[in-house]
Amino acid sequence: MRYQSDSKQVYEYFSSVEQRTVEWLWYPYIPYGKITVLQGDPGEGKSTFILNVAALVTQGKALPDGYSSEGPQVVVYQCAEDNLADTIKPRLVAAGADCEKVVYIINQDEQLNLDDERIEQTIRETSARMCILDPLQSFLLQEGDMHSVVRMRNLLSKLGRIAAKYRCAIVLVSHLNKSTGGKMLYRSLGSIDIAAVARSVLMISRDEDEPKIRCLSQVKSSLAPCGATVRFSIGSDGAIEWVQDCEWKAVSKEMMLTDNKQMACENLLAAMLGHGPLGSIEVIRCFEQMGVSERTLYTAKKNLGVQSIRKNKAWYWSMPDMPEEEETDESEI
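What counts and how
- Residues numbered from 1 in each chain as written.
- Predicted model: local features only at pLDDT ≥ 70, side-chain atom pairs only at ≥ 80, totals over all residues.
- Heavy atoms only, no water.
- Helix = DSSP H or I, 4+ residues; strand = E, 2+ residues; numbered from the N terminus.
- Buried < 20%, exposed > 50% of the residue type's maximum accessible area, 1.4 Å probe, protein only.
- Contact = heavy atoms within 4.5 Å.
- Areas by Shrake-Rupley, 256 points an atom, 1.4 Å probe, with all protein chains shown as cover.
- Core = buried A, V, L, I, M, F, W, Y, C linked by side-chain atoms within 4.5 Å.
- Axes fitted to C-alpha atoms, helices over the stretch in contact; angles between N-to-C directions.
- Parallel < 35°, antiparallel > 145°, perpendicular 65-115°, else oblique.
- Left-handed = near helix turned anticlockwise from the far one by under 90°.
- Nonpolar A, V, L, I, M, F, W, Y, C, P; charged D, E, K, R; others polar.
- Expected span 1.5 Å × (residues − 1).
- Pairing = 2+ DSSP bridges.

Glancing now at the overall build of the chain. Of regular secondary structure, the chain possesses nine helices and 15 strands. The burial tally for the chain puts 49% of its 333 residues in the buried class. Intrachain contacts of the chain at a sequence separation of at least 6 include 61% that bridge at least 24 residues. Carbon and sulfur atoms form 48% of the exposed surface of the chain, whose accessible area is close to 17500 Å².

This next bit is on the nonpolar core. By size, the foremost hydrophobic cluster in this structure holds 56 residues, and its most contacted members are W26, I30, F49, M130 and L216. Here this core gets eight residues from one element, more than from any other, and that element is helix α1 (residues 46-59). Apart from residues lying up to four places away in sequence, L216 is in contact with W26, Y29, L38, F49, L202, M203, I204, A228, T229, V230 and F232. V74, C131, L159 and A195 belong to the second largest nonpolar core, which has 30 residues in total.

Relative to each other, α1 and helix α2 (residues 84-95) sit at 55 degrees, their axes nearing to 9 Å. With respect to α2, the element α1 is oriented oblique. The crossing of α1 and α2 is right-handed. Judged by residue contacts, S47, T48, L51, N52, A55 and Q59 of α1 engage R91, L92 and A95 from α2. For the contact of α1 with α2, the per-class residue count stands at four nonpolar, four polar and one charged.

Another point: the environment of V171. Take V171: it is sitting in strand β7 (residues 169-175). Under the relative-accessibility criterion, V171 is labelled buried at 1%. Spatially, the C-alpha atoms of V171 and M130 are 7.5 Å apart, while their sequence positions differ by 41 residues. Apart from residues no more than four positions distant in its own chain, V171 is found in contact with I30, T36, L38, I50, M130, C131, I132 and L133.

A word on helix α7 (residues 261-272). Over its twelve residues, α7 runs 16 Å from end to end, which matches the ideal 16 Å to within 8%, given 1.5 Å per residue. Buried within α7 are the following residues: A264, C265, E266, L268, L269 and M272.

Note that S233 resides in strand β10 (residues 230-234). With relative accessibility at 15%, the residue S233 sits in the buried group. The residues touching S233, leaving out its near neighbours within four places in the chain, are K212, I213, A239, I240, E241 and V243.

Before going further, it helps to examine the side chain of T36. Considering the arrangement of structural elements, one finds T36 in strand β3 (residues 35-40). On the basis of relative accessibility, which here comes to 0%, the residue T36 falls in the buried class. Those residues in contact with T36, other than ones at most four positions away along the chain, are Y29, I30, P31, I170, V171, L172, S200 and L202.

Okay, the packing of α7 against helix α9 (residues 294-304) next. Across the interface, α7 lies against α9 with an axial gap of 9 Å and an inter-helix angle of 65 degrees. For the pair α7 and α9, the crossing hand works out as right-handed. The segment α7 lies against α9, with K261, Q262, C265, E266, L269 and A270 engaging T296, L297, T299, A300, K301, N303 and L304. For the contact of α7 with α9, the class distribution of residues is six nonpolar, four polar and three charged.

The next thing to look at is the pairing of β7. Counted residue by residue, β7 has seven buried out of seven residues, so it is predominantly covered. By the alternation rule, side chains of β7 split into A169, V171, V173 and H175 and I170, L172 and S174, which are all buried. Pairing between β3 and β7: six bridges, direction parallel. Residue V37 lies in a different strand from β7, and its bridge partner there is L172. Bridge count for strand β6 (residues 130-134) against β7 is four bridges, and the pairing is parallel. Within β7, the residue paired with L133 across the bridge is L172.

See below:
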């Protein structure tokens, strides 16, 4: 309901707001209608990784952990550091992308920047559901913009409104600063407002024990519990092999076809949590998609002695032999 006096309307009641749920390109890593930041040191494979994700989106294929997409979608990929013909196109082909669904903004006469109207125009005219700007630092008019709180807030807020208006997942690929201490969230090159405005911040780094393996971890998640770490390697042709394609996914269908649903559920839950804690909502949602009842799942949880752990204001499930973090409780749901 609107209330208006003789002066200009300046407020509304929340009763007039139509409630809706967050939509996901890839739960819980990349939401539709929001800004996601993908960060990492140079050479860690940020561009290769996001191109491979984009390729899956253009084909309508499931994401690395099995999350189902909503069919083939158009992706805008704008890269300021690599050549279209000898680098980007070969990477797209190697990743299996449908190049008829990948577009770029013509950038010959005028340098593209975050405040450029061509970004919204391209998203609108192509109905793109994903827009990648790589790297963020190359789309600023002035070097000082990167460190200006006010300027970055204004630019990213405008970009966020475009994302929301067209239900497009906007991903900003960002380099890290040279700091080696402090939280990973604060290592984005430039103003902290970059990470503050983003609803999800993803980090790519090397596996300490296996340097050839890269790890995608979520260092900020404002809309859902942080997702599990995704591990991958990069081939010589730029194609990605999902090393930890949540290995429990490979056996889930076969296990769920057995007559003993309870035992299958327990085996699958143990496999899921074998690499470390997972968000409780993520686990429950996965079993719901496979048609496993809540009663069966919670019986399996009890039989295995799975612990509920509260971390960063979110609930996780962990096997009993995993180290406990913060407090434990059984009342997260």
